[in-house]
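Structural characterization, general
What follows is each chain in one-letter form.
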Amino acid sequence: MLFYILLFSAVLPLGSCRRAAEKARRNIRLEAVEEARRQGLSGAEVVLRIKNDTGHKLKLEKASFSVFYAGGVVTKVALREPAEVPRRTTASVATLWRIRTSDPMALHVMTKKIREDDISKIGVSFSVEGRGGPARVKISQEMMPLSEFLNIFGLSLNDIKNYLEE
């Protein structure tokens, strides 16, 4: 009987933590990339519209993504400093990013293919870490097609083309 009481007391919080995490996932959402501007050769400022409908401040501590063309790494982008979104609000948040290009020729070819709407050989890996109140959040995905990445983050191929035109 004691074993079942201990087991019940261990399992009960797991269910409530899972429900809380699912509720937070529904209430925190990247709604749009409002603006993206280059800053020199190795930086960018991206203004994101983020909905935080939870009772906790949302803090984005680390974020990075790598862009691949035909299986090889072309560019790595990383968040330069943390960003915060107040609780129960939808806010435009300016974020600063560092851009490192490892293969300029592949970047040129990839840019040309994007302008031609051929994104079949372009892949993305990403990792996001932060905190939503007491809960730590870590989301990552290895090597996914660019189209899927754009859908997850509410972007379109035209958003990428507009950034490349600058």
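The structure presented is a predicted model; accordingly, all values stated were derived computationally and were not measured.

**Regarding unusual backbone geometry**
With phi around 50 degrees, Arg 88 is a residue other than glycine that occupies positive phi space. With respect to the secondary-structure elements, Arg 88 resides in the loop between β5 (83-85) and β6 (89-101).

**Details of the environment of Arg 37**
Looking at the secondary structure, you find Arg 37 in strand β1 (residues 28-39). A residue is classified by how much of its surface remains accessible, and Arg 37, at 29% relative accessible area, is partly exposed. The sequence separation of Arg 37 and Leu 96 amounts to 59 residues, and the corresponding C-alpha distance is 9.8 Å. Reaching out from Arg 37, the side chain makes a polar contact with the side chain of Glu 35 at a distance of 2.5 Å. Only 2.5 Å separates the side chain of Arg 37 from the side chain of Glu 45, close enough to count as a polar contact.

**Section: the confidence of the model for the chain**
Of the residues in the chain, 84% reach a pLDDT of 70 or more, and the chain-wide mean stands at 80. Low pLDDT (under 50) marks residues 1-17, which in the prediction has 0 contacts with non-local residues, meaning those over four places away or in another chain.

Basis of the calculations
- Residues numbered from 1 in each chain as written.
- Predicted model: local features only at pLDDT ≥ 70, side-chain atom pairs only at ≥ 80, totals over all residues.
- Heavy atoms only, no water.
- Helix = DSSP H or I, 4+ residues; strand = E, 2+ residues; numbered from the N terminus.
- Buried < 20%, exposed > 50% of the residue type's maximum accessible area, 1.4 Å probe, protein only.
- Polar contact = N/O pair within 3.5 Å; in protein donor to acceptor, adjacent residues only side chain to side chain.
- pLDDT = per-residue confidence, 0-100.
- Contact = heavy atoms within 4.5 Å.

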